[in-house]
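In case you want the letters, here they are:
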Amino acid sequence: MTTTATEATGAKTAVVRFDQVSKAYGAVRAVDGLTLDLHPGETVALLGPNGAGKSSTLDLLLGLRTADSGSVRVFGTTPQGAIAAGRVGAMLQSGGLMEDVTVEELVRLACELHPRPYPVGEVLSRAGIAQIADRMVNKLSGGQEQRVRFALATAGANDLIVLDEPTTGMDVTARQAFWATMREQAEQGRTVLFATHYLEEADAIADRVLVLHKGRLLADGTAAEIKAKAGARRISFELEGPVDEAALRALPFLSALDITGNRVRIQSHNADATVHAVYALGLYPRELEVAGLGLEQAFVAITEAEEARTAC
């Protein structure tokens, strides 16, 4: 019998535990029998297409909504209890910021309210907003607002940090600095859970990836394991002369085909057989490359396969 990550780590160390959790809004089941554990020091990416249930899952974890069935436990207690104890910090897309205050005044308030606060200057510096501490909050750019939200989420010594699309609006430099800080938090034993549409961030940052689809957990593993689960590989090559698209679409085990000029890109469930068939057509591909799928392609392949399965 295969041992799951949860069993190997042990139930006692769970930071977050969802046990058969469901949540519906009318006829729409946003979360559907979700069961998972998160553990100390993990950096976990939550992926899924729009409507997959990511925001609803985070709302349940943070006690902003109540499950219709099942249970959600955070550090062995209710989400509200864990938050009141200062163990959870959150950075959400929804909700505005106080406007008639400066950045420093807002961060100072968050620190004063936290049971285990950090010094205000340290919070401002960590979030990269010390240089705009005197600026009014309503005068900030979108990226600066995101960094302020990050400062509020890390105003104290939280053991769990929950982030919903945290780097939206940030430039490349700010995003790199943000994730460097998140890596430091994880290295100190904190659990970081983030939902993102930037799949390259999940690939580079997360040591665990969760794929949601229509409220259900489709995949749970490292980025490499998620890529392998997709069961396809990428084939890329150049052809001389006109490209016969119809002949290429008839190749065996083909799951996707893209032709740009003379460059052919294929996804195949049996790369060896597909490449052999290319040569059997009398074609002589140049610059032939065969590689595993990237996380983005694997994510698309997994969710499309689930759509096809449920449509049957």
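Above this text you will find the structure in question.
Residues numbered from 1 in each chain as written. Predicted model: local features only at pLDDT ≥ 70, side-chain atom pairs only at ≥ 80, totals over all residues. Heavy atoms only, no water.

Asks: Sorry, what's going on with the overall build of the protein here?
Replies: Looking only at helices and strands, one finds 12 helices and 13 strands in the protein. Expressed as a percentage of contacts within the protein between residues at least 6 apart in sequence, the contacts between residues at least 24 apart total 68%. Taken as a whole, the protein presents about 15200 Å² of accessible surface, with 50% of it coming from carbon and sulfur. (Helix = DSSP H or I, 4+ residues; strand = E, 2+ residues; numbered from the N terminus. Contact = heavy atoms within 4.5 Å. Areas by Shrake-Rupley, 256 points an atom, 1.4 Å probe, with all protein chains shown as cover.)

Asks: Sorry, what's going on with the pattern of salt bridges here?
Replies: Pairing of side chains with opposite charge becomes possible as their charged atoms draw close. Within the structure shown, the criterion is met by 20 salt bridges. In this structure, the salt-bridge partner of Arg65 is Asp59, at a minimum N-O distance of 3.5 Å. Arg263 serves as the salt-bridge partner of Glu238, at 3.4 Å between the closest nitrogen and oxygen. Residue Glu238 is located in strand E10 (residues 233-238), and its partner Arg263 is located in strand E12 (residues 263-268); the two are separated by 25 residues in the primary sequence. Within the structure, one salt-bridge network assembled from shared partners comprises Arg29, Asp32 and Arg216. (Salt bridge = Lys/Arg side-chain N within 4 Å of Asp/Glu carboxyl O.)

Asks: What am I meant to see in the sheet that holds strand E8 (residues 208-213) here?
Replies: Backbone hydrogen bonds hold the strands of a sheet together, and the pairing may be parallel or antiparallel. One open sheet accounts for six strands, arranged E5-E6-E7-E3-E8-E9; its pairing is mixed. The open sheet terminates on both sides in strands that have one partner only, identified here as strand E5 (88-91) and strand E9 (216-221). Along the sheet, successive strands turn relative to each other by an average axial angle of 15°, direction set aside. The pairing of strand E3 (residues 43-47) with strand E7 (residues 191-195) spans four bridges and is parallel. Within the sheet, the bridge partner assigned to Thr43 lies in E7 and is Val192. Strands in contact with helix H7 (residues 172-187) are E3, E5, strand E6 (160-164) and E7; relative to E6, the strand with the most contacts, it is inclined by about 150°. (Pairing = 2+ DSSP bridges. Axes fitted to C-alpha atoms, helices over the stretch in contact; angles between N-to-C directions.)

Asks: Help me understand the sheet that holds E10, please; the structure alone is not making it clear to me.
Replies: Strand order across the open sheet formed by four strands is E11-E12-E10-E13, with antiparallel pairing between neighbours. Both outer strands of the open sheet, strand E11 (254-260) and strand E13 (286-292), are each paired with one neighbouring strand and no more. The sheet shows a mean angle of 15° between the axes of neighbouring strands, direction not considered. In this structure, E11 lies alongside E12, joined through six bridges in antiparallel fashion. Each residue of the ladder has a partner; that of Leu257, found in E12, is Ile266. Along the sheet, helix H11 (residues 271-280) makes contact with E10, E12 and E13, crossing E10 at roughly 20°.

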